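Chain by chain, the residues:
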Amino acid sequence: MVRFIIRRLISSVLVLFVIITASFFVMKVAPGGPFDADRKLPDEVKKNIEAKYHLDKPLWQQYGLQMKSIVLHGDFGPSMKYPDRTVNEILADGLPVSMLLGVQALIIALIIGLPAGLISGLKQNTLTDYTVMTGAMAGVSVPNFVLGPLLIWIFAIQFQWFDAANWHGLSKGLGPHIATSFLPSLTLGMYFAAYIARLTRGGMLEIIRQDYIGTARAKGLAEKVVVMRHALKGAIIPVVSYLGPAFAAMLTGSVVIEKIFNIPGLGTHFVNSAFNRDYPLVLGTIVLYSALLVLLNLVVDVLYTVLDPRVSYD
Amino acid sequence: MSHMPRAARLLALSALAAAAVACSSKNSTDETPAGEKGAAATADGVTAADRKERDPRVFLRSLGEPEYLDPGLISESEGGIVAHDTFEGLYQYGPTHREWVPGVAKSHEVSPDGRTWTFKLRADSKWSDGTPVTAKDFEWSWKRVLDPKTASRYAGILWVIEGAKDYNQNPDDAKAAALRDAVGVTALDDHTLQVELVAPTPYFLQLTAFYTYAPAPRHVIEKHGDKWARPENIVSNGPWKVVEWTSQQQIVATANPHYWDKASLPFDKIVYRITQESGPAHNMYLGNELDYLDSKIPPSMLTKYTRERFPDMKTTPYLGVYFYMYNVKKPPFDDVRVRKALNLAIDKSKIGKFVVKGGQAPAANIVHPGLKEMGYAVPQGPEFDPEKAKALLAEAGYADPKTFPRFQISYNTLEGHKLVAEYIQQQWKKNLGIECDLDNMEWKVLLKKQHDRDFAVSRSAWIGDYIDPMTFLDLWEGDNPNNRTNWANPKYDGLIAAARSEADPDKRLDLLRQAEEVFLEEVPAFGIYFYVKQDLVKPWVEGYQPHLQGIHASRYFKVKL
């Protein structure tokens, strides 16, 4: 197990190296630069700015400098669009916000998805099942850029129960935080709730037919105990294996939600840095997202062994 | 599981995310179906009781994320909005574009040749840390902006000062000190600043209110270096001082305790709520979380608000022109008859109402007509005339429109630009029978193509920096880096040069008018519409007045609860 993790970590570093290298050269190929604006800069001024960011050096040298700074110091350098701030600062500000949003969305998704899937699975082909699954289908189908504005219109503008867009984080206390973060978390979590419901239902249907469930019932256990103690653990394995990719998808998928609800997470930078040709920030966001995805995948693979005795990496 | 596919997946990720947002941001901002219905229903009956912030001494206004807060480096409007509230130049912008109000300067004198300006500074102007603001601060700050090492993107606006251009463009370190000393700005004593200009510049007073001309605190910059303008270090001399900047959330400014005129300030605190998109900003406004929505109205709401005469909406002329330009070295646009014909064949009167939908005035010329107010006789540009257009095209050898070479209109990807391009494409087809293709691209790609002159017809726009026709006309000088048409006309350049050195204001305006007539005759580019600015102002906010430059400093507002 430990050997497996070490092996995976080493290969992850290689993957990240390839990603940084590829991203670096791909972004340099894109036409235009960070300091091209509607009003053209006088050549001397532009030269001075470029020299400040080493953009006047040959490409391989820029790559070397950037790599050295990242590997030795973990430093992506100053942002070119927001020169007062370093990329590390921008990422450090945005990551917790995106993570918090992702975690909240995941909790909401589980709170809604698990019970819905369980009930549906236990009452297969009844009206309850059909209702829940229709709801889940709708949840998967409605895109978040429709759901988000709809929720804003109903709950922030018509009823004014929540804020339309005004993320505070936890700094102002839990109440204001819920007021500003509930709608985006719900919007983000809805698709995943629906998917989790379908996975749980599927898992339940499979498990409930297994011999050992029959045995449990034959022992005379109460149905509640059979379901909660024996069936549930097996039924949620597909859900657990889905959580890693789901959380990763939430982090990256929150780009859209962050735009709709004006949330100061990583998403805006992820997209806008590319448009702005803010090279260090582009690299920073890509590396951060990649590292998160690699790590989450590893965590999921390890979790498999804990939940499912049939899986072993040794 | 092999690792390569995963790496490949990760690489594809950024492309996917970008694509997703490209689709969705359009939906979330431009075409929010939900916002469409809800808006007026609640906004109509909104009263002061609905304002979420109960303190009338706090002002809530919208903002996009500024690049930085150092006034000498700012080059975009978002940073400018904050700078106009937190820094104060010799003069400051007034509540309307017709007046400039003394700032750090009490008064000024201009020499008869219009080239030497002497400013008397008030003695009680102080930085927010209590240090006095002196004439030396201005001398040092302007030279800092011009220092090539500062790499200020807006330094060009100081080039009207003697020696400024040479110093700013000097690549040679050895000469720097001498060139720096030769810049025509001198602190005669702590409260007297003398400025030598290259030419009589009637709009110089206005320029002293522009953020690039604001003083910067030498003692703070020398202590903190590049990081001086961060909220924890910043020291400013305007009515307010930035105390917090939470990226993508808000900037908070509180009253500067040392401001010389602090008794007259309407607010103790200004909160600039930062949003990148118009959708969330507009939602915040409807949720009564903003007092003033500066421009950010989603396009889909404009028609509705105009139709319903939504009382919060203010539509005012804005000193900008939206235009199409030709690459005049690229056939067939090297033929002035072709350039004229294409301009004549567009019925511009419908664009404001039906295409961009903000009631923008059609542009027959290039200088904004708002400048009539200052005595500029705007020349009459050509009106829509499809018959004449056809005749000109025939004269140029294209009697049969099928023989006209197919070309492209290049523009950057944005709904509004697309609508205009489609309209113009259709007008040319209908009125002249010529075909063209639309070529949209990312903003930076378009800029590169324009700079490389790799286009036939392309969209652009110009926003005036000061209230004078020169801001629209020097743009077309042959050597102006922003003239991307390849058009260079000695007669035009001569008229602009003559206007620049003319001390008599009436003669000067007349020379500029003649230059614009040359431009209209030669058509290297043609105006499509003049900008309007559209803002939403809550009923409890007083003091909003039209400003041609769209500068609405917080000090002129008031909140009545």
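Values in this document were obtained by computation on a predicted structure and should not be read as measured data. (Residues numbered from 1 in each chain as written. Chains lettered and ligands numbered in written order. Predicted model: local features only at pLDDT ≥ 70, side-chain atom pairs only at ≥ 80, totals over all residues.)

Visitor: For the overall build of chain B, give the residues involved together with the corresponding values.
Guide: Within chain B, the regular secondary structure consists of 18 helices and 19 strands. The C-alpha atoms of chain B give a radius of gyration of 25 Å, which matches the 24 Å a tight globule of 561 residues would have. With the C-alpha coordinates of chain B rotated into their principal frame, the extents come out at 75 × 60 × 60 Å. A buried classification covers 48% of the 561 residues belonging to chain B. Taking the intrachain contacts of chain B between residues at least 6 apart in sequence as the baseline, contacts between residues at least 24 apart amount to 68%. (Helix = DSSP H or I, 4+ residues; strand = E, 2+ residues; numbered from the N terminus. Rg over C-alpha atoms; globule rule 2.2 N^0.38 Å. Buried ≥ 20, exposed ≤ 12 C-beta atoms within 10 Å, placed from the backbone. Contact = placed C-beta atoms within 7 Å.)

Visitor: Describe the overall build of chain A, and please don't skip the residues or the numbers.
Guide: Counting its secondary structure elements, chain A contains 12 helices and 0 strands. Walking chain A from its N terminus toward its C terminus, one meets helices and strands in the order α-α-α-α-α-α-α-α-α-α-α-α. Dimensions of chain A, computed from the C-alpha atoms along their principal axes, are close to 85 × 55 × 35 Å. When the 314 residues of chain A are sorted by exposure, 42% land in the buried category. Across chain A, every contact between residues at least 6 apart in sequence was considered, and the portion connecting residues at least 24 apart equals 72%.

Visitor: How would you explain the interface of chain A and chain B if you had to name every residue and give the values?
Guide: If you look at the interface, chain A gives 58 residues, while chain B gives 57 residues. Broken down by secondary-structure element, the contributors of at least two residues to the side of chain A that touches chain B are helix H1 (2-29), helix H2 (43-52), helix H4 (87-122), helix H6 (144-158), helix H10 (237-261), helix H11 (266-276) and helix H12 (279-307) of chain A. Counting residues per element, the side of chain A that touches chain B draws most heavily on H6(A), which supplies 9 residues. Among the residues making up the side of chain A that touches chain B, the classes are represented as 35 nonpolar, 12 polar and 11 charged. (Nonpolar A, V, L, I, M, F, W, Y, C, P; charged D, E, K, R; others polar.)

Visitor: I'd love a proper account of the pairing of strand S16 (residues 457-463) of chain B, names of residues and values included.
Guide: Residues and elements named next belong to chain B. Counting buried residues along S16, 5 of its 7 residues qualify, which places the element largely inside the surrounding structure. Examined bridge by bridge, strand S12 (residues 313-326) and S16 share 7 bridges and lie antiparallel to one another. Pairing of Tyr326 across the sheet is with Val457, part of S16. (Pairing = 2+ DSSP bridges.)

Visitor: Lay out the sheet that holds strand S4 (residues 105-110) of chain B with the relevant residues and their values.
Guide: Sheet strands associate in pairs through backbone hydrogen bonding, adopting either a parallel or an antiparallel arrangement. Residues and elements named next belong to chain B. What the 4 strands build is an open sheet, ordered S4-S5-S7-S6; its pairing is antiparallel. The two strands at the open ends of the sheet, each matched to only one other strand, are S4 and strand S6 (185-189). The mean angle between the axes of side-by-side strands here comes to 20 degrees, regardless of whether they run parallel or antiparallel. Looking at chain direction, S4 and strand S5 (residues 116-121) are connected through 5 bridges and run antiparallel. Among the inter-strand pairings, Val110 is bridged to a residue of S5, identified as Trp117. Its contacts with the sheet place helix H4 (residues 135-146) against S5, S6 and strand S7 (192-196), and it is angled at close to 165 degrees to S6. (Axes fitted to C-alpha atoms, helices over the stretch in contact; angles between N-to-C directions.)

Visitor: Explain H2(A) residue by residue, including any values.
Guide: Residue and element names in this part refer to chain A. Every buried residue of H2 is accounted for by Val45, Asn48 and Ile49. An end-on view of H2 places all buried positions within 95 degrees of arc, on one side of the element. Looking at the residues trailing H2, positive phi occurs at His54, about 60 degrees. (Arc of directions from axis to C-beta.)

Visitor: Before we move on, could you go through unusual backbone geometry and cite the residues and values that matter?
Guide: Residue and element names in this part refer to chain B. That bond from Pro331 to Pro332 is cis: its omega, 0 degrees, falls within 30 degrees of zero. On the secondary structure map, Pro332 appears in the loop between S12 and helix H11 (336-344). In this structure, Asn486 takes a positive phi of about 70 degrees despite not being glycine. Along the polypeptide, Asn486 turns up in the loop between helix H16 (470-473) and helix H17 (490-501).

Visitor: Before we move on, can you summarise the packing of H6(A) against H10(A) with the specific residues and values?
Guide: For any two helices packed against each other, the geometry comes down to the angle between their axes and how far apart the axes lie. All names here are of chain A. Viewed as axis vectors pointing N to C, H6 and H10 meet at an angle of 30 degrees, and their least axial separation amounts to 10 Å. Between H6 and H10, the crossing angle belongs to the class labelled roughly parallel. For the element pair H6 and H10, the recorded crossing hand is right-handed. The segment H6 lies against H10, with Asn144, Phe145, Gly148 and Pro149 engaging Val256, Ile257, Ile260 and Phe261. (Parallel < 35°, antiparallel > 145°, perpendicular 65-115°, else oblique. Left-handed = near helix turned anticlockwise from the far one by under 90°.)

Visitor: Account for the environment of B:Asp385, with residues named and values stated.
Guide: Considering the arrangement of structural elements, one finds B:Asp385 in the loop between strand S13 (361-362) and helix H13 (386-395). Owing to 17 C-beta atoms within 10 Å, B:Asp385 belongs among the partly exposed residues under this scheme.

Visitor: Outline the pairing of strand S9 (residues 250-255) of chain B, supporting the account with residue identities and numerical values.
Guide: All names here are of chain B. As paired elements, strand S8 (residues 240-246) and S9 share 6 bridges and run antiparallel to each other. Considered in S9, the bridge of Lys241 is made with Thr254. Between S8 and S9, which follow one another and run antiparallel, lie 3 residues, and Gln248 among them has a positive phi close to 65 degrees. Bridging between S9 and strand S10 (residues 269-274) involves 5 bridges; their strand directions are antiparallel. Counterpart to Gln250 in the pairing with S10 is Arg273.

Visitor: Account for H13(B), naming residues and giving values.
Guide: Residue and element names in this part refer to chain B. Looking only at H13, the buried set comprises Ala389, Leu392 and Leu393. Down the axis of H13, the buried set is contained in an arc of 100 degrees. They therefore lie on one face. Looking at the packing, one finds that the buried side of H13 touches H11 and helix H14 (415-432). Backbone geometry just after H13 places Gly397 at a positive phi near 100 degrees.

Visitor: Before we move on, could you go through the confidence of the model for chain B and cite the residues and values that matter?
Guide: Residue and element names in this part refer to chain B. Here chain B averages 90 in pLDDT, while 92% of its residues score no lower than 70. The lowest-confidence element of chain B is helix H1 (residues 4-30), averaging 35 in pLDDT; the highest-confidence one is S7, averaging 98. For the stretch residues 1-43, pLDDT sits under 50, and the model shows 77 contacts to residues farther than four places along the chain or on other chains. Interface predicted TM-score (ipTM) for the complex: 0.79; the corresponding pTM is 0.85. (pLDDT = per-residue confidence, 0-100.)

Visitor: Could you give an account of the environment of B:Leu193, with specific residues and numbers?
Guide: All names here are of chain B. Positionally, Leu193 belongs in strand S7. For Leu193, a count of 27 C-beta atoms within 10 Å corresponds to the buried category. Distance from Leu193 to Lys136, taken between C-alpha atoms, is 7.9 Å for residues 57 residues apart in sequence.

Visitor: Residue-level account of the environment of B:Glu395, with values.
Guide: Residue and element names in this part refer to chain B. With respect to the element layout, Glu395 can be found in helix H13. Assessed through the 14 C-beta atoms surrounding it within 10 Å, Glu395 is described here as partly exposed. Sequence spacing of Glu395 and Asp291 is 104 residues, and the spatial spacing of their C-alpha atoms is 57 Å.

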